[in-house]
Amino acid sequence: MQPETLSTSNISFEEYRNQILNDYKTALLSRECSLLGRREVLTGKSKFGIFGDGKELPQLAMAKVFKNGDFRSGYYRDQTFMMAIDALSPEQFFSGLYAHTDIKREPFAAGRQMGGHFSTHSLNEDGSWKKLTAQKNSSSDISPTAGQMPRLLGLAQASKVYRTEQNLHDHTDFSIKGNEVAWGTIGNASTSEGLFWETINAGGVLQVPMVISVWDDEYGISVHAKHQTTKENISLLLEGFKRDEKHDGYEIIKVKGWDYPSLIDAYETADRLAREKHIPVLIHVKELTQPQGHSTSGSHERYKDEARLEWEREHDCLKKFKEWIIDHNIATDEELIAIDKDAKKQVRQSKTNAWKEYLAEIVNEQQEAIALLRTVEAKSENKNFITPLVNKLADKDEPIRKDILEATRKTLRYLTKENFAEKATLQQWVTNYIEKIQPKYSKHLYNETETGVTQIEEVAPIYDENSKEVDARVILRDNFNNIFDTIPEALIFGEDSGKIGDVNQGLEGLQDKFGETRVSDAGIREATILGQGIGMAMRGLRPIAEIQYLDYILYCIQGLSDDLATLRYRTFGTQKAPLIVRTRGHRLEGIWHSGSQMGGMIHLLRGIHLLVPRNMTKAAGFYNTLLASDEPAIVVECLNGYRLKEKMPANLSDIRTPIGVVETIKQGTDITLVSYGSTLRLVEQAAKELLSTGINAEIIDVQSLLPFDLTHDIAKSVAKTNRLLIIDEDVPGGASGYILHKLIDDQNIYKNLDSKPQTLSAKPHRPAFGTDGDYFSKPSAEDIFEKVYDIMHEVNPSQYPQLR
């Protein structure tokens, strides 16, 4: 008889039985992968392992209600779920463990992430979108605990946007009228992180269709729940978020992780509420186990007593599942033992196949290298030194590419004073080998297709006799109006972005015109504002996430750095999130509003374009360029520029500011001055004053820091002036240090320098408050004038006597 707690309508008992046994086999396959995976790490074939054993049953239940178009935003224990939705095979599991660099064999990261980090392909090979509603989707996992939560919010919000906005109902590649659910998973200990709580709060406010599963095994590595969670119970702690007759909130479901029929019921209930009514749901899956401990870095016997270990053995979800199947006469013990044996055999064979496939290409490369080394060895006068290197490589039964390059590159050291054809062949082979292999580990940091930002050609502003001078914020406002008029996927959100049209009125009146879904306010919660943007961008929308001030970007730096900046790279170009982050900074006053995070952002956010327009016309052009491409970027508007006057371009909606291209805003012959943002106005003031002393400076606006001067125009300027000064409001060694590095190492400007290249930056502390605080903390026009004058004094002391 079929248990009444299971959804079994309209299927025969045989079909129902097959579903149960298929679930059982999937769970066994996953468990055996975990067990063998640990052994592969301990024998040295993989560097590290973290597995989903003990969490198999609830993941099977989640997979049953996971539909095409849905998205998962999880963490690194969801292997059973991925197997259950046919997005992970045992062979792919081991390919991930071995870090196979072939995206076809390791389809989640091409070996760039450690095993257990899963994703699906959202993009075709040319970078275009797949039909996401025709497949089950998983956003790419990241290791930072709870880091997947903000993105989950955005993935769920996309469904609400697609349901609400009539103009998007034909976007059926991305959504069927918002009927998709975003499924999040997290360990119980990770719910201690602030990102979890911020997401919970935001999800309750927005009422988006997301279901969060908390896998609770009572530990976070070795730390028990009593040290993690008040009351040792996350669902009890979240009772205040529970919905009632008067208030929106969450449906909170509690279920034991070894109780198969109750798990099925729990997930069917959650699916119905989230999918149909857009009610967020939290499922607290309790009484889970961790049969092998947290990871391969240690044993859980060190921190669990025998009573706990015995409890875990008795409550292992696979043991309980097997007992349930037998108790309900679904299969006999003998039948289940046969399934178990078959699963073990399949996983062992998958492991062997994956290892052979991983090793085959490298062994071929090893043999090529050995053959070349033997020819060199035979000719070289330093044979006695080369032979041990060759033999060591030849003795490697399981080589890695590091072994190959160590042997070949060290051999070349012994050939520096020799000259024969075989040496030249080896030299060329090493060069070609690095050029061939390096992309396996380095490509796809940015978009390498024709939709990349650097492929968008410049369209300069046009002015005519009707071009009026307006407050610069009007240029932004009118440009955003054009964007929302013509791009239905575009929307903007942030603190004060909606009702009042942002604090500087760059969105004035746009909420009234386009509605609260497309121009909306958000709470004071920068990490999840960013997460909203990442998730929605992954589902075909074009979000602009507004972080009110540059200083506040520190609240979401983890998501920017670990999630958004790495997304295209860590998925080997199979996922993208073309999010635009709008913020404002430069020349702010006071410790907490100094707007000088450039150095940190440059180094932490490789993979995101960092744009620093000097005025709002340039900023508008950047937004237009970004929306014509598909890459993430941060646009830092000049906070002190909104009320300054700028001419309104006659072709506002068409202008495109090029990315990675500098602009020379004043020609000169004596010295090249390089800066960006609001500081440029001080540079221009100083340059005018320098003319009175006979010094004619050339001024270059960087415009974008990432990427930086791709056409090397600054080097061309230095070739003319032979001197360089970089002026920056960031701390010493920050953005100015980065710019100098690019100019010396990439553009080789040292060849044309007659004076030491110098930088003029802010003091190492944050600015004190007030105008004088700014003056004594950041470069002033007088500082710039005197620095340039001192450089020219060194050149010609008689013409430029010392000032002081």
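Everything discussed here concerns the structure shown above.
Given the structure is predicted, the values throughout are model-derived calculations rather than measurements.

## Some thoughts on the overall build of the protein
Turning to step 1, where the next piece is worked out: Helices and strands together make up the secondary structure of the protein, namely 26 helices and 22 strands.
Turning to step 2, where the next piece is worked out: Here the C-alpha atoms of the protein give a radius of gyration of 30 Å, agreeing with the 28 Å that 2.2 N^0.38 yields for 804 residues.
Turning to step 3, where the next piece is worked out: Projecting the C-alpha coordinates of the protein onto the three principal axes gives extents of approximately 100 × 85 × 50 Å.
Turning to step 4, where the next piece is worked out: Partitioning the contacts of the protein with sequence separation of at least 6, the portion at a separation of at least 24 is 79%.
Turning to step 5, where the next piece is worked out: Total accessible area on the protein is roughly 32,500 Å²; 49% of this is exposed by carbon and sulfur atoms.
Turning to step 6, where the next piece is worked out: Between the mean site of the 97 positive side-chain charges and the mean site of the 116 negative ones, the protein shows a separation of 3 Å.

## What to know about the sheet that holds strand β1 (residues 71-73)
Turning to step 1, where the next piece is worked out: Within the open sheet, the 6 strands sit side by side as β2-β1-β3-β4-β8-β7. Their pairing is parallel. Strands with a single pairing partner mark the edges of an open sheet, and in this sheet they are β2 (137-138) and β7 (251-256).
Turning to step 2, where the next piece is worked out: Strands β3 (182-187), β4 (210-215) and β8 (281-286) of the sheet are contacted by helix α6 (residues 194-206), whose axis makes an angle of about 150° with β4.

## Let's talk about the layout of surface pockets
Turning to step 1, where the next piece is worked out: Volume-wise, the largest pocket comes out at about 420 Å³.
Turning to step 2, where the next piece is worked out: For the largest pocket, the lining is made up of 19 residues, of which I103, E125, F572, G573 and T574 are closest to its centre.
Turning to step 3, where the next piece is worked out: Partitioned by chemical class, the residues of the lining of the largest pocket number 3 nonpolar, 8 polar and 8 charged.

## Thoughts on the sheet that holds strand β11 (residues 519-521)
Turning to step 1, where the next piece is worked out: Strand order in the open sheet formed by 7 strands is β11-β10-β12-β13-β15-β14-β20, and the pairing between neighbours is mixed. This sheet does not close on itself; its edge strands, each paired only once, are β11 and β20 (704-706). Averaged over neighbouring strand pairs, the angle between their axes works out to 20° when direction is ignored.
Turning to step 2, where the next piece is worked out: Judged from the 3 bridges that link them, strand β14 (residues 609-611) and strand β15 (residues 633-638) form a sheet pairing that is parallel.

## What to know about a positive patch on the surface
Turning to step 1, where the next piece is worked out: Side chains of K392, R409, K410 and R413 sit close together on the surface and give a patch of like positive charge.
Turning to step 2, where the next piece is worked out: The element best represented in the positive patch is helix α13 (residues 401-413), accounting for 3 residues.
Turning to step 3, where the next piece is worked out: Note on placement: K410 falls in helix α13.
Turning to step 4, where the next piece is worked out: For K410, a relative accessible area of 35% gives the class partly exposed.

## Quick notes on the environment of H284
Turning to step 1, where the next piece is worked out: On the secondary structure map, H284 appears in strand β8.
Turning to step 2, where the next piece is worked out: Of the residues examined, H284 reaches a relative accessible area of 1% and is grouped as buried.
Turning to step 3, where the next piece is worked out: Sequence separation of H284 and L236 is 48 residues, and the distance between their C-alpha atoms is 9.5 Å.
Turning to step 4, where the next piece is worked out: A polar contact of 2.7 Å, which involves the side chain of H284, links it to the side chain of D216.

## What to know about the pairing of β4
Turning to step 1, where the next piece is worked out: With 6 of its 6 residues buried, β4 lies for the most part within the structure.
Turning to step 2, where the next piece is worked out: Every second residue of β4 is oriented toward a common face, with M210, I212 and V214 on one face and V211, S213 and W215 on the other, all of them buried.
Turning to step 3, where the next piece is worked out: Relative to β4, β3 is paired through 6 bridges, and the arrangement is parallel. The residue of β4 that forms the bridge with I186 is V214.
Turning to step 4, where the next piece is worked out: Pairing analysis gives 5 bridges linking β4 to β8, with the strands arranged parallel. Bridge assignment links V211 to a residue of β8, and that residue is V281.

## Description of the nonpolar core
Turning to step 1, where the next piece is worked out: One finds F94, Y267, I283 and I325 to be the most contacted residues of the largest nonpolar core, which totals 88 residues.
Turning to step 2, where the next piece is worked out: For this core, the element with the highest residue contribution is helix α11 (residues 333-379), accounting for 14 residues.
Turning to step 3, where the next piece is worked out: Apart from the residues lying within four places of it in its own chain, the contact partners of I325 are I20, L21, Y24, I330, A331 and L336.
Turning to step 4, where the next piece is worked out: In terms of nonpolar packing, the next biggest core, distinct from the first, is built from 81 residues, F71, L195, L579 and I602 among them.

Reading the values: rules and limits
Residues numbered from 1 in each chain as written. Predicted model: local features only at pLDDT ≥ 70, side-chain atom pairs only at ≥ 80, totals over all residues. Heavy atoms only, no water. Helix = DSSP H or I, 4+ residues; strand = E, 2+ residues; numbered from the N terminus. Rg over C-alpha atoms; globule rule 2.2 N^0.38 Å. Contact = heavy atoms within 4.5 Å. Areas by Shrake-Rupley, 256 points an atom, 1.4 Å probe, with all protein chains shown as cover. Lys, Arg positive; Asp, Glu negative; His and termini not counted. Charge placed at Lys NZ, Arg CZ, Asp CG, Glu CD. Pairing = 2+ DSSP bridges. Axes fitted to C-alpha atoms, helices over the stretch in contact; angles between N-to-C directions. 1 Å grid on protein atoms, 1.4 Å probe; cavity = no way out; pocket = protein on both sides within 12 Å on 5 of 7 lines; lining within 4 Å. Points joined across faces, edges and corners; volume = space filled by probe spheres on them. Nonpolar A, V, L, I, M, F, W, Y, C, P; charged D, E, K, R; others polar. Patch = residues over 30% accessible without salt bridge, like charges linked within 9 Å, V, L, I, M, F, W, Y side chains within 5 Å. Salt bridge = Lys/Arg side-chain N within 4 Å of Asp/Glu carboxyl O. Buried < 20%, exposed > 50% of the residue type's maximum accessible area, 1.4 Å probe, protein only. Polar contact = N/O pair within 3.5 Å; in protein donor to acceptor, adjacent residues only side chain to side chain. Core = buried A, V, L, I, M, F, W, Y, C linked by side-chain atoms within 4.5 Å.

In short, geometric facts, not functional conclusions.
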